[in-house]
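Commentary on secondary and tertiary structure
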Amino acid sequence: MKLQQGIHGNWASRWTFIFAATGAAVGLANIWKFPYIAGENGGGAFVLVYLFCVGLIGIPIMIAEALIGRRGRMSPINSMLYVATESNVSSGWSVVGGLGLLAGLCILSFYSVIAGWALHYWYLAFNDEFYQITAKASGFLFEELLSRPAELIAWHSAFILLAVAIVAAGVVKGLGRAVMVIMPLFFVLLAVLLFYSVSNGAFAASWQFLLSFDSSSLEWSSILVALGHAFFTLSIGMGAIMAYGAYIPHKPLVDSNVVSKAASDVGENHHQPRGHPKKLSIARMVLTIAALDTIVAIAVSLIIFSVVFSSPELQASGGPGLLFVSLPVALGGMEGGYIMALLFFGVIVLVALSSAIAILEPTVAWLVEKRPYSRGKIALCVGFFAWFVGLGTVFSFNEWKQSTMLEMTFFDSLNFLTSNIVLPLAGLCIAIFVGWRMRPLHIIDEVGPIDQGPYKYWLRTLRVVSPVLLLIVFVMGLLDKFL
Ligand code: TRP
């Protein structure tokens, strides 16, 4: 059987894929969003439901997505098309890929605005604005930023431009190397902050809040938020993992001449995959990524809530500003806080960048495959689209704050619609596609010999457990929210 070859190049090694995909998964969702939604939805019980969603729905679907990508070796739309054609099912399935790309651009539009806040905070850290800051002053600083649309737009634009520049340079060359530095640095800083909060903050209260189970705070709508977040944080449902999966080395079956030629045609430096006797296990890689992603979310939340519970002015249900209000208080009060703040906000920006790139990449890859324009021009146009939609999010915090629909601002609606509706729906389609429509022979071919044992469990979960649970949460969550 002839194996599909991609034109975008391959990751240098399995670890580059793991770091790049971890870089995509770990981002603002873990650092900014998870703590605030856990705070708004009552803590421990929410965390537990979220873990169930990751394990029973997120991971099986993530494996399915990576598998389609590795089979098709192209952008999500074309990979779905390839796999559908190969399995003799309707080419209409590629619409799911398209839906994911659209959701991705909408997510990028607000993601970039929030990352712009982090960029601004990095600048504040540089000017030593957090020194001995009180919770009240920190809250004020944040509100002040939100009230100035021009400033928000400037930081939002700067962030999008950075992301576009990296994607334009080519993911394999730029990102592949960058993530190998960013991720380890991030983990070291996280450990230092965690150590600090254990010794200085209200760590016990934070632990209690996040890890004790109180089901009374749990409603269907919170469960839907947990499900949406599982998709958002694992970066699934929108083709990113599919696109990255397409660059996983196909050892040992790759005909290196074909790939190198195709890669040099599009100006990519093709890295020949290192020798590996068997196919790399997608399941193991996905499990590593999901575990790292979850550990980061919980660690960051422990840090943030130990600051929140040690200052009477701060509240767990602080909403989107939680990170930006509480972290400066911790950083400003600690020994060596200046350097830590500089490093930490710097790393938040970098981690957000490694995610933003992964959001842009699938659409850019698709257009590169489709049109005769250069990668650079395409990246710029796609970036512009996301930037433009992002203006709506900028104004949601000031000029349009009062214009709400169903009590949601533009930002809230976009956030809700993408994470809680489109991503789960796209995920459902992917589960059905791989579970029921893709030819088992092709699945087994991609799964590889190492995973053959757990393979049956995974397939059963993907076919029945994940879609059924997903549908229940989805329908009940929507009824609870809107009725
Ligand atoms: N998971 C990313 C984060 O934690 C956000 C995200 C959602 C994402 N979907 C994505 C990143 C797709 C890359 C690709 O910040």
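Worth saying up front: this structure is predicted, and the values here are computed from it rather than measured.

Right, let's talk about the overall build of the protein for a bit. Each helix and strand in the protein was counted, giving 19 helices and zero strands. The buried share among the 483 residues of the protein stands at 61%. Counting contacts in the protein only where the partners sit at least 6 residues apart, residues at least 24 apart contribute 84% of the total. As displayed, the protein has an accessible area near 18500 Å², and 66% of this comes from carbon and sulfur atoms.

As enumerated under the stated definition, the model contains 29 aromatic pairs in all. Ring centres of Trp-32 and Tyr-36 lie 5.4 Å apart, and the angle between their planes is 50 degrees; this geometry places the pair in the tilted category. Placement of the pair is Trp-32 and Tyr-36 together in helix α2 (residues 28-40), with a separation of four residues, close to one helical turn. Residue class for Trp-32 comes out buried when judged on its relative accessible area of 1%. Look at Tyr-36 and you get buried, because its relative accessible area is 5%. Here Lys-33 stacks its cationic end above the ring of Phe-232, 4.3 Å away from the centre of that ring.

Let us look at the site of the ligand. In the vicinity of the ligand there are 15 residues, among which Ala-25, Leu-28, Ala-29, Tyr-111 and Phe-232 approach most closely. About the coverage of the ligand: the protein hides 100% of its 360 Å² of free accessible area. Those elements that place two or more of their residues in the shell around the ligand are α1 (14-25), α2, α10 (220-234) and α15 (337-370). Residues belonging to the shell around the ligand are distributed by class as follows: 10 nonpolar, five polar and no charged.

With 174 residues, the main nonpolar core has Trp-117, Tyr-244, Phe-324, Val-434 and Trp-458 as its most contacted residues. The dominant element in this core, judged by the number of residues it contributes, is α15, at 20 residues.

Another aspect to go through is the environment of Val-26. One can find Val-26 in the loop between α1 and α2. Given the relative accessible area of 0%, Val-26 is considered buried. Counting along the chain gives 329 residues from Val-26 to Ser-355, while the straight-line C-alpha distance between them is 7.2 Å.

For the coordinates displayed, the defined rule picks out seven salt bridges. With a shortest N-O distance of 2.9 Å, Arg-71 and Glu-86 are connected by a salt bridge. In this pair, Arg-71 sits in helix α3 (residues 44-72) while Glu-86 sits in helix α4 (residues 76-86), placing the two residues 15 residues apart along the sequence. Note on accessibility: Arg-71 and Glu-86 belong to one class, buried. Arg-71 sits in the buried class, given a relative accessible area of 3%. Beyond isolated ion pairs, a larger network of salt bridges with shared partners links Arg-70, Arg-71, Glu-86, Asp-445 and Glu-446.

Helix length check: helix α6 (residues 135-146) (12 residues) gives 17 Å between terminal C-alpha atoms against 16 Å at 1.5 Å per residue, within 8%. Within α6 the residues assigned to the buried category are Ala-135, Ser-138, Gly-139, Leu-141, Phe-142, Leu-145 and Leu-146. The buried side chains of α6 occupy one side of the element, clustering within an arc of 160 degrees when seen end-on. What points out from α6, more than 90 degrees from its buried face, is the exposed set Lys-136, Phe-140 and Glu-143. Buried residues along α6 sit in contact with α5 (94-126), α7 (149-169) and α14 (322-333).

Here is what the cut-offs are and how they apply
- Residues numbered from 1 in each chain as written.
- Predicted model: local features only at pLDDT ≥ 70, side-chain atom pairs only at ≥ 80, totals over all residues.
- Heavy atoms only, no water.
- Helix = DSSP H or I, 4+ residues; strand = E, 2+ residues; numbered from the N terminus.
- Buried < 20%, exposed > 50% of the residue type's maximum accessible area, 1.4 Å probe, protein only.
- Contact = heavy atoms within 4.5 Å.
- Areas by Shrake-Rupley, 256 points an atom, 1.4 Å probe, with all protein chains shown as cover.
- Phe/Tyr/Trp six-rings, centres within 6.5 Å; stacked < 30°, edge-to-face > 60°.
- Lys NZ or Arg CZ within 6 Å of the ring centre and 35° of its normal.
- Near = heavy atom within 4 Å.
- Nonpolar A, V, L, I, M, F, W, Y, C, P; charged D, E, K, R; others polar.
- Core = buried A, V, L, I, M, F, W, Y, C linked by side-chain atoms within 4.5 Å.
- Salt bridge = Lys/Arg side-chain N within 4 Å of Asp/Glu carboxyl O.
- Expected span 1.5 Å × (residues − 1).
- Arc of directions from axis to C-beta.

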